[in-house]
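These are the residues of each chain, in order.
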Amino acid sequence: MTRTERIAALKAASRERILVLDGSWGVMIQKRGLEEADFRGERFAGHPGQLKGNNDLLCLTRPDIITELHDAYFGAGADISETNTFSSTTIAQADYGLEAAVRDINLEGARLARASADRWTAAEPHKPRFVAGSIGPLNKMLSMSPDVNDPGARSVTFEEVYQAYREQVIALNEGGVDLYLVETITDTLNCKAAIKAIMDLEDEGFEPLPIWISGTITDRSGRTLSGQTVEAFWNSVRHARPFAIGLNCALGADLMRPHIAELSRVADTLVSAYPNAGLPNAMGEYDEQPHETGHSLHQWAEDGIVNIVGGCCGTTPDHIAHVAQAVQGLAPRKPAVRPRAMRLSGLEPMELS
């Protein structure tokens, strides 16, 4: 299929059933027990500083592992798999001194995911597989100061964030992703820079791709790290007309549910949810079992509040297999229909009806 045909198939599938996203990449890579040499390969053998833990770099140095993980999640029942590019911006990779490798990481990450998805689609044409270009958060924020004594201080500018995301989305586009997933959003202004980078590509002749936006509620306050409520966050990004809006990470399914229900109430597009496998224990590990995750997301699907489900930190292909089975045959949520109004946002939503 051409990419235009794949996007049409993705939208058609989303109208027919609840779609399933893959699970955690970090936990699966960690299980491999990789050493420094795995992250360096030949290309970065002489690079200064430690590279172990830079999981995105494995797209270049251990592509076999990345391919195996895509295949594992597709085999578990995922419709969509993310590229292994969560931290592949010049700003994030500056921690490793690898800014110059960013384009190659994104390009190869997209190509690996594309090849796996195409193989699975060819083998099971009744269930086409899709690739989401993972665009993660940055280690610098536009909305908050890094200096408690200077609220106006910023360690980065909007233009710098925009350019970092621009380089990433161009490479993901060229690598063959079907949609962009701007995920684990803690700072809505950073997200807006990513959205602008994506939308500007259309004006430059790049094939327009669906945008999927997924924020993070950081604690029981029900707000993002930059302070917005769920509805205010939606009002802030609705102008992008996203294919889907959702939440991921930070919380387990039980604590995330009321926020997903609120998003379902206000969003006139698809709603996604991929929670962690519960909250981390004292050792930083996740104890929620696959059947527990599957049960929770089954309830959400039965209640009609989700269109796309999957897993974040701590989830494995086994979790995704249970999730896929749990939502099979259940109808997808219908997008919200709300009266026409001007809807604004600061930390709280404001509606002028």
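Rules used throughout
Residues numbered from 1 in each chain as written. Predicted model: local features only at pLDDT ≥ 70, side-chain atom pairs only at ≥ 80, totals over all residues. Heavy atoms only, no water. Helix = DSSP H or I, 4+ residues; strand = E, 2+ residues; numbered from the N terminus. Rg over C-alpha atoms; globule rule 2.2 N^0.38 Å. Buried < 20%, exposed > 50% of the residue type's maximum accessible area, 1.4 Å probe, protein only. Contact = heavy atoms within 4.5 Å. Lys, Arg positive; Asp, Glu negative; His and termini not counted. Charge placed at Lys NZ, Arg CZ, Asp CG, Glu CD. Phe/Tyr/Trp six-rings, centres within 6.5 Å; stacked < 30°, edge-to-face > 60°. Patch = residues over 30% accessible without salt bridge, like charges linked within 9 Å, V, L, I, M, F, W, Y side chains within 5 Å. Areas by Shrake-Rupley, 256 points an atom, 1.4 Å probe, with all protein chains shown as cover. Salt bridge = Lys/Arg side-chain N within 4 Å of Asp/Glu carboxyl O.

Q: Help me out: how do you make sense of the overall build of the protein chain in this one?
A: Scanning the protein chain for helices and strands turns up 13 helices and 10 strands. Taking 353 residues into account, the globule formula puts the C-alpha radius of gyration at 20 Å, and the protein chain, at 19 Å, falls close to it. A principal-axis box enclosing the C-alpha atoms of the protein chain has dimensions of 60 × 55 × 50 Å. Going through the 353 residues of the protein chain one by one, you find that 56% of them count as buried. Here the analysis covers contacts within the protein chain between residues at least 6 apart in sequence; of these, 77% occur between residues at least 24 apart. Charge-centre separation for the protein chain: the mean point of 33 positive side chains lies 6 Å from the mean point of 47 negative side chains.

Q: Can you help me understand the packing of aromatic side chains in this one?
A: In this description, an aromatic ring pair is defined by two values, namely the gap between the centres and the angle between the planes. Applying the stated criterion across every chain, the model contains two aromatic pairs. Ring geometry for Trp 25 versus Tyr 73: centroids 6.4 Å apart, planes at 45 degrees, classification tilted. Residue Trp 25 is located in the loop between β1 (19–20) and α2 (26–30), and its partner Tyr 73 is located in helix α5 (residues 63–76); the two are separated by 48 residues in the primary sequence. The exposure class assigned to Tyr 73 is buried, which follows from its relative accessible area of 0%. A centroid spacing of 6.2 Å and a plane angle of 70 degrees characterise the contact between Trp 212 and Tyr 274, whose relative ring orientation is edge-to-face. Placement of Trp 212 in strand β5 (residues 211–215) and of Tyr 274 in strand β7 (residues 270–276) is noted, with a sequence separation of 62 residues between them. The class of Trp 212 is buried, set by a relative accessible area of 0%. Residue classification places Tyr 274 among the buried residues on the basis of a relative accessible area of 1%.

Q: I would appreciate a short explanation of a nonpolar patch on the surface in the present structure.
A: Together, Met 342, Leu 344, Met 350 and Leu 352 line one region of the surface with nonpolar side chains, adding up to about 370 Å² of accessible area. Residue assignment for the nonpolar patch shows that the elements contributing at least two residues are β9 (342–345) and β10 (349–352). Position of Leu 344 relative to the elements: it lies in strand β9.

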